[in-house]
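Next come the chains, spelled out residue by residue.
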Amino acid sequence: MKFKLNNGYEIPAIGYGTWQAVDEELEKGLEKALEIGYRHIDTAAIYFNEHIIGKVLKNWISSGKVKREDLYIVTKLPFHAVRGSSVEKMIKKSLKNLQLDYLDMYLVHGPFSFIDGDEFLPKDENGKIIMDLDTDHVTLWKAMEDQVDAGRTRSIGLSNFNEKQIDKILSVARIPPANLQIELHLYLQQKSLVNWCKSANILITSYSSLGTAATMKKFGKNVSSFLENDDIIKISEKYKKTPAQVALRFLVQNNIVVIPKSVNENRIKENFQITDFELSDNDMKIIANLDKGEEGRLLLFEEHFPGIKNHPEYPFSV
Ligand SMILES: NC(=O)c1ccc[n+]([C@@H]2O[C@H](COP(=O)([O-])OP(=O)(O)OC[C@H]3O[C@@H](n4cnc5c(N)ncnc54)[C@H](OP(=O)(O)O)[C@@H]3O)[C@@H](O)[C@H]2O)c1
């Protein structure tokens, strides 16, 4: 199953997420994912795992098990490089790590920037992120467009930008963003942003579609998971599917790309098997009603990047 982007390229609707997956665990997980049929892989420079993905892809491509053109590889410009003058250097680094000549999609990881330098997470003595407050989305986007011209990436897009920030980029763009990657799941459905992007012809990718369990645990959060919601359990029993499959199916049925992360073979398989059933209109409505709006947001950037709420381009209301 594929979706069409505004530049004519197609993107597989189900991708393999890799945040918090490293070393041998990722290597094995990715091998399995490719065997199962995943062709779209989502990573980021700040996940520090591009080199592992590169190693696996190199083996698959050089042994003829997969052709480069059948893969869809996404990576992201890290936060300390969100400025025009850093883009070329960072995309070249990612390509080198991934052992690729070109990317399918290069995303700006977020709308705010940290100070320039070698540190991905520059912090002061109080543990606060050292921010670059002069973030300029106009020169940034021009440099992103230059990467398409140079053939380093086929498409460019954004992640974690809000509507106002995307609108500003659209007003100056020669190449409009093809994709927006945001936190989106049953408890944070982002209906207004999704509809606005639809009218602007920007395809949405959902991250944390399963509720990013690992992150919640890490921050000691006692958030009840929508995978345990009574309606979701009932619906999943009806279709003889798991709650995770229902959660992912709901999104792809709404033309939203999903990139579930798993390093467990059974769950990697399970997350890919969502194209052999269709949720009824009534079940789609029941699930749409589970939305909690901003209250449902799980990934709070302030927890990862202390002090970031004070950045002039901090995108969220919470
Ligand atoms: N652009 C951004 O700022 C951003 C932010 C966050 C994430 N992302 C991307 O989006 C991807 C997905 O988001 P995410 O990693 O936050 O979370 P997620 O995919 O919603 O959830 C991953 C967690 O759920 C577990 N899991 C996987 N499949 C499951 C299943 N079928 N049933 C129950 N639990 C399951 C995983 O554990 P096991 O591995 O043990 O299965 C892991 O703990 C990331 O890996 C990354 O590529 C992007």
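Note: the structure precedes this text.
What counts as what
Residues numbered from 1 in each chain as written. Predicted model: local features only at pLDDT ≥ 70, side-chain atom pairs only at ≥ 80, totals over all residues. Heavy atoms only, no water. Helix = DSSP H or I, 4+ residues; strand = E, 2+ residues; numbered from the N terminus. Rg over C-alpha atoms; globule rule 2.2 N^0.38 Å. Buried < 20%, exposed > 50% of the residue type's maximum accessible area, 1.4 Å probe, protein only. Contact = heavy atoms within 4.5 Å. Areas by Shrake-Rupley, 256 points an atom, 1.4 Å probe, with all protein chains shown as cover. Lys, Arg positive; Asp, Glu negative; His and termini not counted. Charge placed at Lys NZ, Arg CZ, Asp CG, Glu CD. Axes fitted to C-alpha atoms, helices over the stretch in contact; angles between N-to-C directions. Parallel < 35°, antiparallel > 145°, perpendicular 65-115°, else oblique. Left-handed = near helix turned anticlockwise from the far one by under 90°. Nonpolar A, V, L, I, M, F, W, Y, C, P; charged D, E, K, R; others polar. Pairing = 2+ DSSP bridges. Near = heavy atom within 4 Å. Polar contact = N/O pair within 3.5 Å; in protein donor to acceptor, adjacent residues only side chain to side chain. Salt bridge = Lys/Arg side-chain N within 4 Å of Asp/Glu carboxyl O. Arc of directions from axis to C-beta.

(A) Inspection of the overall build of the chain at higher detail. Helix and strand content of the chain: 12 helices and 12 strands. Computed over its C-alpha atoms, the radius of gyration of the chain comes to 19 Å, within 12% of the 20 Å expected for a compact globule of 318 residues. Put simply, the chain has 318 residues, and 53% of those count as buried. When contacts within the chain are restricted to residue pairs at least 6 apart in sequence, those whose partners lie at least 24 apart make up 74%. When the accessible surface of the chain is summed, it comes to about 14200 Å², and 47% of that surface belongs to carbon and sulfur atoms. Here the chain holds 41 positive side-chain charges and 44 negative ones, and the gap between their average locations is 3 Å.

(B) Inspection of the packing of helix 8 (residues 230-239) against helix 11 (residues 281-288) at higher detail. Taken N-terminus to C-terminus, the directions of helix 8 and helix 11 make an angle of 155°; their axes are 10 Å apart at the nearest point. Accordingly, the angle class assigned to the pair helix 8 and helix 11 is roughly antiparallel. As helix 8 packs across helix 11, the resulting crossing turns out to be left-handed. Packed against helix 8, whose contacting residues are D231, I232, I235, K238 and Y239, the element helix 11 presents D283, I286 and I287 at the interface. Its residues assigned to classes, the contact of helix 8 with helix 11 shows five nonpolar, no polar and three charged.

(C) Examining the sheet that holds strand 10 (residues 179-183) more closely. With parallel pairing, eight strands are arranged side by side in an open sheet as 3-4-5-6-9-10-11-12. Both edges of this open sheet fall to strand 3 (15-17) and strand 12 (257-258), since each of them pairs with a single strand only. The pairing of strand 9 (residues 153-159) with strand 10 spans two bridges and is parallel. By the bridge assignment, L158 is partnered in strand 10 with L180.

(D) Just the site of the ligand, in detail. What surrounds the ligand is a group of 29 residues, the closest being D42, L210, T212, S262 and R267. Between the ligand and H109 there is a distance of 3.2 Å, counted from an oxygen atom to a side-chain nitrogen or oxygen. Taking N160, its side chain carries an N or O atom lying 2.9 Å from an oxygen atom of the ligand. Coverage of the ligand by the protein amounts to 89% of the 900 Å² it exposes when considered alone. Broken down by element, the residue count for the shell around the ligand peaks at three residues, all from helix 10 (residues 265-272). In the shell around the ligand, the residues fall into 11 nonpolar, 13 polar and five charged.

(E) Focus on the pattern of salt bridges. Taken as a whole and judged by the stated rule, the model has 17 salt bridges. Measuring nitrogen to oxygen at the nearest pair gives 4.0 Å for the salt bridge that ties K32 to E265. In this pair, K32 is assigned in helix 1 (residues 23-36) and E265 in helix 10, connecting sequence segments 233 residues apart. Classification of E265 by relative accessible area gives partly exposed; the value is 36%. Through salt bridges with shared partners, a single ionic network connects K32, E35, E265 and K269.

(F) Spotlight on helix 6 (residues 191-199). Within the span of helix 6, buried status applies to L193, V194, W196 and C197. The buried residues of helix 6 all sit within an arc of 165° when viewed along its axis, so they share a single face. Across helix 6 from its buried face, at more than 90 degrees, point the exposed residues S192, K198 and S199. Structurally, helix 6 contributes buried residues whose contacts are with helix 5 (163-172), strand 10 and strand 11 (203-207). One or two positions beyond helix 6, positive phi appears at N201, with a value near 65°.

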